[in-house]
Number of protein chains: 2
Amino acid sequence: MISIDEARARILAGLRPTGNEIVPLAQAAGRVTAAPVLARVDQPPQDVSAMDGYAVRAADGREGTRLRVVGSAPAGHPWAGTLGVGEALRLFTGSIVPAGADAVLLQEDAEEADGQVAVRETVREGRHIRRRGQDFLKDVELIPRARRLTARDVGLAAAGNHPWLSVHRRPRVAILATGDEIALPGEPIPPGGIVSSNAHALAAFVAARGGVPLVVPVARDDANAIAAAAEGHGADLLITTGGVSVGTHDLVQAGLARRGLEVDFWKIAMRPGKPLMFGRLGATAVLGLPGNPVSALVCAALFALPALDALAGLPGDAPPTVPAVLATALPANDHRADHLRARLTAQPDGIALATAYSRQDSALLRMLAEADALILRAPHAPPAAARERVQVIPLAPLGL
Amino acid sequence: MISIDEARARILAGLRPTGNEIVPLAQAAGRVTAAPVLARVDQPPQDVSAMDGYAVRAADGREGTRLRVVGSAPAGHPWAGTLGVGEALRLFTGSIVPAGADAVLLQEDAEEADGQVAVRETVREGRHIRRRGQDFLKDVELIPRARRLTARDVGLAAAGNHPWLSVHRRPRVAILATGDEIALPGEPIPPGGIVSSNAHALAAFVAARGGVPLVVPVARDDANAIAAAAEGHGADLLITTGGVSVGTHDLVQAGLARRGLEVDFWKIAMRPGKPLMFGRLGATAVLGLPGNPVSALVCAALFALPALDALAGLPGDAPPTVPAVLATALPANDHRADHLRARLTAQPDGIALATAYSRQDSALLRMLAEADALILRAPHAPPAAARERVQVIPLAPLGL
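These figures come from a predicted structure and were not determined experimentally. (Residues numbered from 1 in each chain as written. Chains lettered and ligands numbered in written order. Predicted model: local features only at pLDDT ≥ 70, side-chain atom pairs only at ≥ 80, totals over all residues.)

Quick notes on the overall build of chain A
At step 1: In terms of regular secondary structure, chain A is built from seven helices and 26 strands.
At step 2: A compact globule built from 400 residues should have a C-alpha radius of gyration of about 21 Å, whereas chain A, at 31 Å, is more than 25% larger. (Helix = DSSP H or I, 4+ residues; strand = E, 2+ residues; numbered from the N terminus. Rg over C-alpha atoms; globule rule 2.2 N^0.38 Å.)

If you want it as structure tokens, here you go:
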């Protein structure tokens, strides 16, 4: 058996980011930059007023002075002249500060009447002026490459004058559930059959991680059927979920081997889950998950998540962990890393209380859906007392 | 001036969830349930084996016994008979346990040869059997109403045999930027103009919160133009962002008043941001945000987020906060609640270190894009020392 970290490292070693495409800014959120985004303009483009008021020469702006108002320059309507001695220009937030001016007299410190403005509070040079390029200068890097774009990044790229962005193509992920017992929701359920859940959950997960899921028809437990179902999707990644019969992985392997699968098959020292297949079928990476729903989704969090991120152009980090304290004691762990389904409860000190479900059967999908996090238990971890500190993987932030 | 909480409460009081629609399960992730999802089947549908092995009668399964193998029942191929005394049925994980059997002999504890299987380890009644309905029974509530569906929920709804789900319609959100100085990215920039960033950032935010954004053309600083731009979108919510001139909110109000806007206009004791407009234009709620990019996005997190969630059928909670410790001391706060842009750094004790940017100018979009969180500073908060505990709003989890 190999460790989770070793399995993840081997998967990442077998993956390369997708190619680049140009997308409109309006569709760029959530995509991963394939190139740094450099500013194409200075922001602000020139010195602008941070407040409503009057552009003045600082030397003129002493309390008690009266200045001649030479005009008004709302944002978007700059004044072309040069401000002379004894002159003031009406400005608003965002208005360009005209040549000659070096201070802003606040509106609340001014009294305008008969084409003149009285200074009620002495100005300070440079005060209330946002300098050209204060937010960013042309050509600076606004957004690095290999960043998943947030809504704020989209705003920043817009401000940098980018109508298009270069991003990694969304990974295409074919999802193949196998098993004679599996029916699609709403379709006739065969005798002894169950309704398929893995493919739909995995498809939603792939989409949440920025991939394009293709759910292919369920393959019967037959090597030829599996081989046929695995091909023709132009996928970057094929995720299979075994049926629940013994040897299903062998069947998936046997089927894909007929199409030239180069395969690694591992037993991983973990629970839930254990067998994992990783390989390559031509241009498509293949990740074989267990058929059990909880095992499939926990393995997806641990292995499909970094794989999807790596394909999308990100480093492929393990799912993030946060500290929590145990609500109840836990027994010693065996040689397999365990991932206990748990509820999290906020506590005043900021460290959540993690309550492991008393039943950890890997067939309990309902409990996994209700769970907030997985409590990590290292191989051979000693018994843990209540209130002991543990690391947990919160599930919702994963898109799971 | 009113408080943030009061403003949020008044906004929520003016909103009702959107109506319901039926969506295919495969498009339901991220949507908010409009009705509870009840199980339509038992899961497992009958008693099934949790392991590969043999179904036996517990009384027969003593070490040293030999049982007659009467058949094999892979998952999806149940055996129709009743297991008799001295008989065993080959089973696999997920196989239906036949009538008459009440124990599973594990494959590794069995030796099969010549149509017989030798018991190498005494079985325990009920062991390794997943009982019918162990995950869930027909008619139990799998997913409550008013829950945003995760990938796991989608799997659970699938397992419960739901090809369709009833969810709230995505809120339609028209986004109207106003201002003579604003150009769209890539388009000619007028003299003294800047490139529009608010509308695109807000659109990405709305989409991340499950809404459907409609970015309408920028309206010039003219009440008629604004009135015309605000209508005809069939939106549940219209978000305006002022230009940066004085009186723009008045202009938006003046424009929308011509179409019958019932308006509330508030000054909110907060920074960045202060003026906020909320009202109703026929069937459309109207939220007027400041024009300044940082103010607009912080106000979006505080007010548009609960509004979007409420429209989508959720409670409309404030953005979640987590504790952090200050990296550096902060001065006393004035009467306005402050939201300091900050970086978060993980620490061994699990409470992040929050480092406020030294410049908090609300025109610095680049800094907001880089920030991890907003440090909350209550009105009149006394000076805070380094290492003092504060509450922060992490930004990325908001979809911002």
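Focus on the pairing of strand β13 (residues 172-178) of chain B
Residues and elements named next belong to chain B.
At step 1: When you tally the buried positions in β13, you get six out of seven residues, the bulk of the element.
At step 2: Strand direction decides the pairing type here: β13 and strand β16 (residues 212-219), joined by six bridges, are parallel. Looking at β16, one finds that Thr 178 is bridged to Ala 219.
At step 3: As judged from the five bridges shared by β13 and strand β17 (residues 237-241), these two strands associate in the parallel manner. Within β17, the position partnered with Ala 174 by the bridge is Leu 238. (Buried ≥ 20, exposed ≤ 12 C-beta atoms within 10 Å, placed from the backbone. Pairing = 2+ DSSP bridges.)

Brief notes about unusual backbone geometry
At step 1: For the bond from Arg271(A) to Pro272(A), the omega torsion is -5 degrees, close enough to zero to count as cis.
At step 2: The topology assignment puts Pro272(A) in the loop between β19 (270-271) and β20 (275-281).
At step 3: Residue Pro44(B) is bonded to the preceding Gln43(B) through a cis peptide linkage, with omega at -5 degrees.
At step 4: Looking at the secondary structure, you find Pro44(B) in the loop between β2 (37-38) and β3 (48-49).
At step 5: With phi around 65 degrees, His128(A) is a residue other than glycine that occupies positive phi space.
At step 6: In this structure, His128(A) sits in the loop between β9 (116-119) and β10 (129-130).
At step 7: Its identity is not glycine, yet Arg387(B) carries a phi of approximately 75 degrees, on the positive side.
At step 8: Relative to the elements of secondary structure, Arg387(B) occurs in the loop between β25 (373-377) and β26 (389-394).
At step 9: The exposure class of Arg387(B) is exposed, given the 11 C-beta atoms found within 10 Å.

Overview of the relation of the copies chain B and chain A
At step 1: When chain B is brought onto chain A, the operation consists of a screw motion whose angular component is 180 degrees and whose axial shift is 0.0 Å, with 0.0 Å RMSD remaining. Here the transformation between the copies is reduced to the relation of a two-fold axis.
At step 2: Mapped onto chain A, 100% of the interface residues of chain B again fall at the interface, so both copies present the same surface. (Least-squares fit on C-alpha atoms with pLDDT ≥ 70 in both. Contact = placed C-beta atoms within 7 Å.)

A look at the packing of helix α2 (residues 151-159) of chain A against helix α3 (residues 198-208) of chain B
At step 1: Packing of α2(A) against α3(B) leaves a shortest axis separation of 7 Å and a crossing angle of 160 degrees. With respect to their mutual orientation, α2(A) and α3(B) come out roughly antiparallel. Relative to α3(B), α2(A) is oriented so that their crossing is right-handed. Here Ala151(A), Arg152(A), Val154(A), Gly155(A) and Ala158(A) of α2(A) come into contact with α3(B), specifically with Asn198(B), His200(B), Ala201(B), Ala204(B), Phe205(B) and Ala208(B).
At step 2: Of the residues in the contact of α2(A) with α3(B), the class split is seven nonpolar, three polar and one charged. (Axes fitted to C-alpha atoms, helices over the stretch in contact; angles between N-to-C directions. Parallel < 35°, antiparallel > 145°, perpendicular 65-115°, else oblique. Left-handed = near helix turned anticlockwise from the far one by under 90°. Nonpolar A, V, L, I, M, F, W, Y, C, P; charged D, E, K, R; others polar.)

Quick look at helix α1 (residues 4-13) of chain B
All names here are of chain B.
At step 1: What α1 keeps buried is the set Ile 4, Ala 7, Arg 8 and Ile 11. All buried residues of α1 lie within an arc of 100 degrees about the axis, which places them on one face of the element. What points out from α1, more than 90 degrees from its buried face, is the exposed set Asp 5 and Ala 13.
At step 2: Lining the buried residues of α1 we find β18 (262-267), β19 (270-271), β20 (275-281), α6 (293-311) and β23 (337-345). (Arc of directions from axis to C-beta.)

Examining the sheet that holds strand β7 (residues 103-106) of chain A
Residues and elements named next belong to chain A.
At step 1: One open sheet holds the six strands; their spatial order is β7-β4-β6-β5-β9-β8, and the pairing between them is mixed. Of all strands in the sheet, those with a lone pairing partner are β7 and β8 (110-113), marking the two edges. When the angles between neighbouring strand axes are averaged without regard to direction, this sheet yields 40 degrees.
At step 2: Two strands pair when backbone bridges link them, and β8 and β9 are joined in this way by four bridges, in the antiparallel orientation. Residue pairing for β9: Glu 111 is matched across the bridge by Ala 118.

Considerations on the environment of Pro383(B)
Residue and element names in this part refer to chain B.
At step 1: With respect to the secondary-structure elements, Pro 383 resides in the loop between β25 and β26.
At step 2: Residue Pro 383 is classed as exposed on the basis of its 10 C-beta neighbours within 10 Å.
At step 3: C-alpha of Pro 383 to C-alpha of Asn 333: the two residues are 50 residues apart in sequence and 7.2 Å apart in space.
At step 4: In this structure, Pro 383 is in contact with Ala 329, Leu 330, Pro 331 and Ala 332, ignoring residues within four places of it in sequence.

Some details on the sheet that holds strand β13 (residues 172-178) of chain A
What holds strands together in a sheet is hydrogen bonding between their backbones, with the strands either parallel or antiparallel.
All names here are of chain A.
At step 1: With respect to topology, six strands assemble into an open sheet ordered β16-β13-β17-β21-β20-β18, the strand pairing being mixed. For this open sheet the edge positions go to β16 (212-219) and β18 (262-267), each flanked by a neighbour on one side alone. On average, each strand axis in the sheet is inclined to that of its neighbour by 15 degrees, with strand direction left out of account.
At step 2: Relative to β20, β18 runs antiparallel, the two being bridged by six bridges. Counted as the bridge partner of Phe 265 is Met 277 from β20.
At step 3: Against the sheet, helix α6 (residues 293-311) makes contact with β17 (237-241), β20 and β21 (284-289), and its axis sits at roughly 165 degrees relative to β21, the strand it touches most.

Details of helix α4 (residues 223-230) of chain A
At step 1: Taken together, the buried positions of α4(A) are Ile226(A), Ala229(A) and Ala230(A). Down the axis of α4(A), the sector holding all buried residues measures 95 degrees, keeping them to one side.

Section: the confidence of the model for chain A
At step 1: Residues of chain A with pLDDT of at least 70 account for 98%, and the chain-wide mean is 94.
At step 2: Scoring of the predicted complex yields 0.95 for pTM and 0.94 for ipTM. (pLDDT = per-residue confidence, 0-100.)

A short note on the nonpolar core
A general tendency of soluble globular proteins is for nonpolar side chains to be buried together.
At step 1: Core analysis: the largest hydrophobic core is formed by 256 residues, its most contacted members being Ala300(A), Ala354(A), Ala300(B) and Ala354(B).
At step 2: Apart from residues no more than four positions distant in its own chain, Ala300(A) is found in contact with Leu202(A), Phe205(A), Leu289(A) and Leu305(A). (Core = buried A, V, L, I, M, F, W, Y, C linked by C-beta atoms within 7 Å.)

As for the packing of α3(B) against α6(B)
Residue and element names in this part refer to chain B.
At step 1: Axis separation between α3 and α6 bottoms out at 11 Å; the angle between their running directions is 25 degrees. For the element pair α3 / α6, the angle class is roughly parallel. Considering only the axes of α3 and α6, their crossing is right-handed. Mapping the contact onto sequence places Asn 198, Ala 201, Leu 202, Phe 205 and Val 206 in α3 and Pro 293, Ala 296, Leu 297, Ala 300 and Leu 308 in α6.
At step 2: Taken together, the residues of the contact of α3 with α6 sort by class into nine nonpolar, one polar and no charged.

Topic: the environment of Thr355(B)
Residue and element names in this part refer to chain B.
At step 1: Within the element layout of this structure, Thr 355 appears in strand β24 (residues 352-356).
At step 2: For the pair Thr 355 and Ile 2, spaced 353 residues apart in sequence, the C-alpha separation works out to 29 Å.
At step 3: Setting aside residues up to four positions removed in sequence, Thr 355 forms contacts with Ala 327, Thr 328, Ala 342, Arg 343 and Thr 345.

Brief notes about the environment of Arg169(B)
Residues and elements named next belong to chain B.
At step 1: Structurally, the position occupied by Arg 169 is in the loop between β12 (164-168) and β13.
At step 2: Overall, Arg 169 belongs to the partly exposed group, with 19 C-beta atoms counted inside 10 Å.
At step 3: A sequence separation of 133 residues divides Arg 169 from Leu 302, and the C-alpha atoms of the two residues are 23 Å apart.

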